[in-house]
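The residues making up each chain are set out below.
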Amino acid sequence: MQQIVTVARSVLSWVWKNGLFLSLAVAAAALKLWLLDSQDLTYQGYSFHDEMLFVRLAHNIIESGWLGPYDNLTLAKGTFLPLFLVFNWALGLPLLVTQQLLYIAAVTAISWAIRPLIKNRFLLLFLFIILLFQPASFEGDSTARILRSSIGTSLSLFIFAGFFRLCLTKIRQVEAIWLGSLTGLALGLFWINREDNLWILPAVAILLGGKWVISFFRHQINKPLFTFSSAVLCWAVLPVFLVSLVNVHFYQIFTVTEFQHFAFPEAYGALLRVRPAQRYRYIPVTRSTRQILYKLSPAFKELEIPLEDHYASGWAENSVDLTGFKPREKQVAGGWWMWALRDAVNAAGYGSSGATAAAYYIRLTNEINALCDDGTLICTPPHKVMTPVLSVDDYRRIIPGFFELWIAYFSRQHLSVYNSHSSGTELDEYLFHSLTHEKLYHNEDYYFDDWNQATLKQKQLYVLEQLTRKYQTYALPFVLLGILSYIYIAIRRDQYAWVLLAIPASTLFLNLVVTIIHFTSFWAFGNVYLSPMYPLFLIFSFLSILRVPSHLRREWEFSPFNKTKPRILKKGFSDLVRVDPVSQN
């Protein structure tokens, strides 16, 4: 009882001392929620592979306990968003509010984690507010739709927060248990949220691996470090294992999505191996290549009627803006070829279960690879993944495009708070509203000419839009200054430079993946895929700039122009040089 009283007193004392700080933080969060109350939810009932798919899967979970009957879309995308929609439905909160509360919690977590690097509480509050109102967190075309980008950004911030806390402080055993568990859970949920989740791994390797390496050389490998690492591993595997186990029960295949199972990516990669007679940009498997494969591969021959008679022209119509070919020519771009292939496989009779589809994909893979290996087809080396086989022309576009897209995202990319167009039937509208408890956007025009005659909702949206433009004006110079600052502190061997390196390592990897997709498959550039990069680079830049003055001060203290004589008090790896200026007189 005495211990409880002591803990309660310490908590109350902390709250009393930090009352102004907490009040301002809560006020900033409340202001954002109030402003975003003006934003409605876009519904797109005809988006069968995105919003409508997630809504359908969520309703199936509510009605039947899992994702519903198997078809070519059931295991096409990560399971976490449908589960999150069901959780939000049970809470009864509007979906956009829940998403923003999750993001506020993530910003709070990362602010708490980097507290050791920011001694001044109000500087920390300043960063908190910068992250809170950054425009990628409320951009209408991504966060105001039922897409995975919003919760994906929050989960990535939780992951970085956990590992930053490990690397920046000396954690105790109890903290190692709950911190490692929460970090691992965030990583596991992140893994079942999207299929293109590899970009987070460089940060995990740098932060966790770097902590182990440094602890080894300092002879500081201890029980909390081992406990944290074990908890991360166990809790990261748990969501993946449980979802895969449930999928075995319902669909006879042990995986989260079929894009993460080996069968479909290997079949897709085998088709990419075949060199076309004439290569066209954005088209991974040309129509002429398909005609050849129909004659040589019995497995692929089964797809000829459904693909050529039913699906190719429709997906080719979606590809027109990229390929330049008319729909009747049936040239399908990479962003839609995977869906055309899966549609055809389902229509060919392999849509009864995940195991049935996987068996077909394995057979197709073996036949195509055998034709390549015996020289019947002219092919590239073995290709077991879905990444496109890149040509010299692709590299010429990707290398400069990598920098162009990165710069554009922080400057020219229009991150608008206004909604994208809604579409669908009355039934679609009902399904969206009943699941999300949200006000739906019905394509109203919220622009205005006269402030005095504008509604409160129009004024709120206008304020957010102007805030977005201010960010896009100053974000790029701020981030570039942060990169230059990081280079300087890295040269000066800042003891935390390796920790900060985790952010550009992962976010630039994400930018590279999006760049490759953008120039080879479909126009992927935008906040839907790049949203985690915005807050993470703001954190990286802020901390890098903040580390510079101490190094400049240290250089000045040892400078021949300095009139004081530095006296070395302590040297060490963790505290490289500490000086005490002493007058030469």
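These notes cover the structure that comes with them. (Residues numbered from 1 in each chain as written. Predicted model: local features only at pLDDT ≥ 70, side-chain atom pairs only at ≥ 80, totals over all residues. Heavy atoms only, no water.)

### Examining the overall build of the protein chain
Counting its regular elements, the protein chain contains 24 helices and two strands. Computed over its C-alpha atoms, the radius of gyration of the protein chain comes to 27 Å, within 12% of the 25 Å expected for a compact globule of 585 residues. The proportion of buried residues among the 585 residues of the protein chain is 52%. Once local pairs closer than 6 in sequence are excluded, the contacts in the protein chain between residues at least 24 apart make up 76%. For the protein chain, the accessible surface area stands at approximately 27,500 Å², while carbon and sulfur atoms represent 64% of it. (Helix = DSSP H or I, 4+ residues; strand = E, 2+ residues; numbered from the N terminus. Rg over C-alpha atoms; globule rule 2.2 N^0.38 Å. Buried < 20%, exposed > 50% of the residue type's maximum accessible area, 1.4 Å probe, protein only. Contact = heavy atoms within 4.5 Å. Areas by Shrake-Rupley, 256 points an atom, 1.4 Å probe, with all protein chains shown as cover.)

### Overview of the packing of helix H2 (residues 19-36) against helix H5 (residues 95-113)
Following both chains from N to C, one finds H2 and H5 inclined at 155°, their axes separated by 11 Å at the closest point. Here H2 is positioned roughly antiparallel relative to H5, judged by the angle of their axes. H5 is crossed by H2, and the crossing has right-handed handedness. Contacts between H2 and H5 involve Ala-29, Lys-32, Leu-33 and Leu-36 from the former and Gln-100, Leu-101, Tyr-103 and Ile-104 from the latter. (Axes fitted to C-alpha atoms, helices over the stretch in contact; angles between N-to-C directions. Parallel < 35°, antiparallel > 145°, perpendicular 65-115°, else oblique. Left-handed = near helix turned anticlockwise from the far one by under 90°.)

### Thoughts on empty space enclosed by the protein
Here the idea is plain: a probe the size of a water molecule rolls over the atoms and shows the empty space left. On inspection of all chains with the given rule, the structure shows three cavities of 30 Å³ or more. What lines the largest cavity is simply Gln-99, Gln-100, Tyr-103, Gln-134, Ala-136, Ser-137, Thr-143, Ser-149, Ser-150, Thr-153 and Ser-531. Those elements that provide at least two residues to the lining of the largest cavity are H5 and helix H7 (149-168). Here the lining of the largest cavity is composed, by residue class, of two nonpolar, nine polar and no charged. By volume, the second largest cavity amounts to about 50 Å³. With four residues, the single largest contributor to the lining of the second largest cavity is helix H16 (residues 334-350). The residue inventory of the lining of the second largest cavity, partitioned by class, reads five nonpolar, three polar and two charged. (1 Å grid on protein atoms, 1.4 Å probe; cavity = no way out; pocket = protein on both sides within 12 Å on 5 of 7 lines; lining within 4 Å. Points joined across faces, edges and corners; volume = space filled by probe spheres on them. Nonpolar A, V, L, I, M, F, W, Y, C, P; charged D, E, K, R; others polar.)

### Observations regarding the side chain of Asp-494
Tracing the chain through its elements places Asp-494 in the loop between helix H20 (456-491) and helix H21 (497-500). Take Asp-494: its relative accessible area is 6%, and that puts it in the buried class. Side-chain polar atoms of Asp-494 contact the side chain of Arg-547, separated by 3.1 Å. When sequence neighbours within four positions are dropped, the list of residues in contact with Asp-494 reads Ile-489, Arg-547 and His-551. (Polar contact = N/O pair within 3.5 Å; in protein donor to acceptor, adjacent residues only side chain to side chain.)

### Examining the packing of aromatic side chains
Centre-to-centre distance and the angle between the planes together describe a pair of aromatic rings. One pass over the structure, following the stated rule, counts 36 aromatic pairs. Between Tyr-360 and Tyr-361, the ring centres sit 5.9 Å apart and the planes meet at 65°, which makes this aromatic pair edge-to-face. Of the residues examined, Tyr-360 reaches a relative accessible area of 1% and is grouped as buried. Note on Tyr-361: relative accessible area 3%, which makes it buried. Taken together, Phe-259, Phe-264, Tyr-268, Trp-339, Tyr-350, Tyr-360 and Tyr-361 form an aromatic cluster joined through their ring pairs. Above the ring of Phe-264, the side-chain terminus of Arg-342 is found at 4.9 Å from the ring centroid. (Phe/Tyr/Trp six-rings, centres within 6.5 Å; stacked < 30°, edge-to-face > 60°. Lys NZ or Arg CZ within 6 Å of the ring centre and 35° of its normal.)

### Digging into the pattern of salt bridges
Inspection of every chain in the model, using the stated rule, returns 20 salt bridges. Arg-148 is paired through a salt bridge with Glu-195; the nearest N and O atoms lie 2.7 Å apart. Here Arg-148 is found in the loop between helix H6 (121-132) and H7, whereas its partner Glu-195 is found in the loop between helix H8 (173-191) and helix H9 (201-217), with 47 residues between them in sequence. In this structure, Arg-396 and Asp-393 form a salt bridge, with 3.4 Å as the shortest nitrogen-oxygen distance. Here Arg-396 pairs with Asp-393, and both are found in helix H18 (residues 392-409), just three residues apart, close to one helical turn. Given the relative accessible area of 40%, Asp-393 is considered partly exposed. (Salt bridge = Lys/Arg side-chain N within 4 Å of Asp/Glu carboxyl O.)

### A look at H20
Between the first and last C-alpha of H20 there are 51 Å, a value that for 36 residues agrees with the 52 Å anticipated at 1.5 Å per step. Maximum bend of H20: about 35°, positioned at Tyr-474, with proline Pro-477 one to four residues after it. Phi turns positive one or two residues past the end of H20, at Arg-493, with a value near 60°. (Expected span 1.5 Å × (residues − 1). Bend = angle between axes of the 7 residues up to and from the residue.)

### Looking at a nonpolar patch on the surface
Together, Leu-233, Trp-235, Val-237, Leu-238, Phe-241, Leu-242, Leu-245, Val-248 and Phe-254 line one region of the surface with nonpolar side chains, adding up to about 790 Å² of accessible area. Within the secondary structure, Phe-254 sits in the loop between helix H10 (223-251) and helix H11 (263-273). (Patch = residues over 30% accessible without salt bridge, like charges linked within 9 Å, V, L, I, M, F, W, Y side chains within 5 Å.)

### Considerations on helix H22 (residues 502-520)
Count 3.6 residues to each turn of an α-helix, and residues three or four apart come out pointing the same way. Taking 1.5 Å of rise per residue, the 19 residues of H22 would be expected to cover 27 Å, and the 27 Å separating its terminal C-alpha atoms lies within 8% of that figure. The complete set of buried residues in H22 reads Ala-502, Ile-503, Pro-504, Ser-506, Thr-507, Leu-510, Asn-511, Val-514, Thr-515, His-518, Phe-519 and Thr-520. Summarising the contacts, the buried residues of H22 are in contact with H7, H9, H18, H21, helix H23 (527-530) and helix H24 (533-557).

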